[in-house]
Amino acid sequence: MPQNQPIAAGDTSRMADLIARHQRLVYTVCMRIVHSPPDAEDLTQETFLKALGALSSFDGADEKAWLCRIAINTCLDFQKKAGRAPREDFESVWPRLLAPDNTEETAARRDAMRRLKDALDSLPPKYAAVLTRFAEEGLSVREIAAAEHLPKKTVETRLYRARKLLRERWDDT
């Protein structure tokens, strides 16, 4: 099934295929923003429901970027409505803390992960969004620009500034 063809409204098999291929990505995006597995699960479902409702306006050009944009907007709307700031909760941390061994290397890795997460969480959302898309999702600058509806140069600038801020905040922790 070609991915670049638009999904026709009511084409449940194509929509099911879209969900199967991108559910993990959408959940990861939601989790990165809300830091709560139950909320991320709900927002993942909401993202796909919104995508289903927006099928008629989707041109089929880049499903991944389209879904990520819907997921980000859904999460940001959720946070605005709830008056929440991004934060990490116990449920998102404990799996990483249950390492199979207690070596110094594992402890150092956990500490580094905590420091990195703290530094990422302290970035302004516009910088965190492009950095997450670039580093975790593996999107190119061009793909990020398309998904965020931004000029390529703006994405490049935000990536530069995000990396600079991340380095500064890493050094502060």
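Student: Sorry if this is basic, but what is going on with the overall build of the chain here?
Tutor: When helices and strands are counted, the chain shows eight helices and zero strands. Overall, the chain shows an N-to-C arrangement of helices and strands of α-α-α-α-α-α-α-α. For the chain, the residues scored as buried account for 38% of the 173 residues in total. Considering only contacts within the chain whose residues lie at least 6 apart along the sequence, 65% involve residues at least 24 apart. Only carbon and sulfur atoms are counted for the fraction: they give 54% of the accessible area of the chain, which is about 10,200 Å².

Student: Please clarify how the confidence of the model for the chain should be interpreted in this entry.
Tutor: Interpretation of the predicted coordinates at a detailed level should be avoided for regions scoring low in pLDDT. Model confidence for the chain is summarised by a mean pLDDT of 76, while 76% of its residues fall at 70 or above. Model confidence for the chain, summarised as mean pLDDT per element, is weakest for helix α4 (residues 90–97) at 42 and strongest for helix α2 (residues 37–53) at 88. Ignoring residues within four places in sequence, the model shows residues 85–102, a span with pLDDT below 50, making 27 contacts including any to other chains.

Student: Would you explain the pattern of salt bridges in this entry?
Tutor: Two side chains with opposite charge may pair up if their charged atoms get near one another. Taken as a whole and assessed by the stated rule, the structure comprises seven salt bridges. The residue D121 makes a salt bridge to R32 at a minimum N-O spacing of 3.6 Å. A residue pair is termed long-range when its members are at least 10 positions apart, and D121 in helix α5 (residues 104–121) and R32 in helix α1 (residues 12–34) qualify at 89 residues. What makes D121 partly exposed here is its relative accessible area of 22%. Through salt bridges with shared partners, one network takes in D17, R21 and E63.

Student: Would you mind going over the packing of helix α6 (residues 125–135) against helix α7 (residues 141–148) with me for this structure?
Tutor: What describes two packed helices is the angle between their axes and the distance between those same axes. Packing of α6 against α7 brings their axes to within 10 Å, and their N-to-C directions diverge by 135°. Viewed along their axes, α6 and α7 adopt a mutual orientation that is oblique. Once α6 is placed against α7, the crossing between them reads as right-handed. Residue-level contacts link A129, V130, R133 and F134 of α6 to V141, I144, A147 and E148 of α7. Of the residues in the contact of α6 with α7, the class split is six nonpolar, no polar and two charged.

Criteria and thresholds
Residues numbered from 1 in each chain as written. Predicted model: local features only at pLDDT ≥ 70, side-chain atom pairs only at ≥ 80, totals over all residues. Heavy atoms only, no water. Helix = DSSP H or I, 4+ residues; strand = E, 2+ residues; numbered from the N terminus. Buried < 20%, exposed > 50% of the residue type's maximum accessible area, 1.4 Å probe, protein only. Contact = heavy atoms within 4.5 Å. Areas by Shrake-Rupley, 256 points an atom, 1.4 Å probe, with all protein chains shown as cover. pLDDT = per-residue confidence, 0-100. Salt bridge = Lys/Arg side-chain N within 4 Å of Asp/Glu carboxyl O. Axes fitted to C-alpha atoms, helices over the stretch in contact; angles between N-to-C directions. Parallel < 35°, antiparallel > 145°, perpendicular 65-115°, else oblique. Left-handed = near helix turned anticlockwise from the far one by under 90°. Nonpolar A, V, L, I, M, F, W, Y, C, P; charged D, E, K, R; others polar.

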